[in-house]
Amino acid sequence: MKKLIPLTLLALTATAGAQSLSGVQLGLTGGYASGLSGEIFVLTPNVVGPVGVKVGVATTRSADAIRDSSAYGLGVAPTPTFGDAKQQGLATESGSQTVVSLDGTYALGEVAPGVDSSLYAGGRYGMFSATADYGSAGRQTYRSNAFGVGAGALVSYALTGNLSLVGDVGVDHFFDATVTIDDGRGNIDPIATNDGSYRELTSPFVRPGTTFKARVGIKATF
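Residues numbered from 1 in each chain as written. Predicted model: local features only at pLDDT ≥ 70, side-chain atom pairs only at ≥ 80, totals over all residues. Heavy atoms only, no water.

Colleague: Where do I start with the overall build of the protein chain in this structure?
Modeller: Within the protein chain, the secondary structure is distributed over 3 helices and 10 strands. Counting from the amino terminus, the protein chain carries its helices and strands in the arrangement α-β-β-β-α-β-β-β-β-β-β-α-β. Only carbon and sulfur atoms are counted for the fraction: they give 61% of the accessible area of the protein chain, which is about 11,400 Å². (Helix = DSSP H or I, 4+ residues; strand = E, 2+ residues; numbered from the N terminus. Areas by Shrake-Rupley, 256 points an atom, 1.4 Å probe, with all protein chains shown as cover.)

Printed below as a string of structure tokens:
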């Protein structure tokens, strides 16, 4: 995981290297996408006419990692639901999402003085995890890697010759995938999507399905 971003950036550099470095854009944005989220991306515009390529890596701290309505886990049930356990201080939750994206872009050009915009769409690969921590009783961790698709729009406002403010709004959708459940007692079980109990066993895990995102930041053009 720690090597993911530098490896992705290396791939981006190689991709950009196939083109002239002139016009390659490096961006950093932050905002919301099912939680506090940030993304770093490299955009090579106008590879073929107005069509370009954008590659990014986004990380999100899940706003809601474990479904409050789910039953209290680990085979212990002093409260009816996980939400009740949280309220009584018996449990806490945490989760993270990392998404690698590869998009084709279409430049719309200058839509107002100093304002440029482009549309993008492409594939997603998400790595998701969520942990229900029951303190001395143990913890339960859910993990899943899933493919998806997404689309959105980038709007930028020039600040200087090569630095711009940038806004990114869009939507991603991820497909069902195998979920691995670690019960905190050394038992790790993969639950495949064709398992008859898939929905029931994985229901506590709040996985991204359709996710709306909105981020703002800066980008530099080289």
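Colleague: In this structure, what is going on with the packing of aromatic side chains? I would like to understand it.
Modeller: In this description, an aromatic ring pair is defined by two values, namely the gap between the centres and the angle between the planes. For the coordinates displayed, the defined rule picks out 4 aromatic pairs. Ring centres 5.1 Å apart and planes at 85 degrees place the aromatic pair Phe-128 and Phe-174 in the edge-to-face group. Remark: Phe-174 occurs in strand 7 (residues 163–174) and Phe-128 occurs in strand 5 (residues 115–133); sequence separation between them is 46 residues. Ring geometry for Tyr-142 versus Phe-205: centroids 5.7 Å apart, planes at 25 degrees, classification stacked. Of this pair, Tyr-142 sits in strand 6 (residues 139–158) while Phe-205 sits in the loop between helix 3 (198–202) and strand 10 (210–221), and the two are 63 residues apart along the sequence. Summarising the burial analysis for this pair, Tyr-142 and Phe-205 share the class buried. Against the face of Phe-41 rests Lys-54, its NZ or CZ located 5.2 Å from the ring centre. (Phe/Tyr/Trp six-rings, centres within 6.5 Å; stacked < 30°, edge-to-face > 60°. Buried < 20%, exposed > 50% of the residue type's maximum accessible area, 1.4 Å probe, protein only. Lys NZ or Arg CZ within 6 Å of the ring centre and 35° of its normal.)

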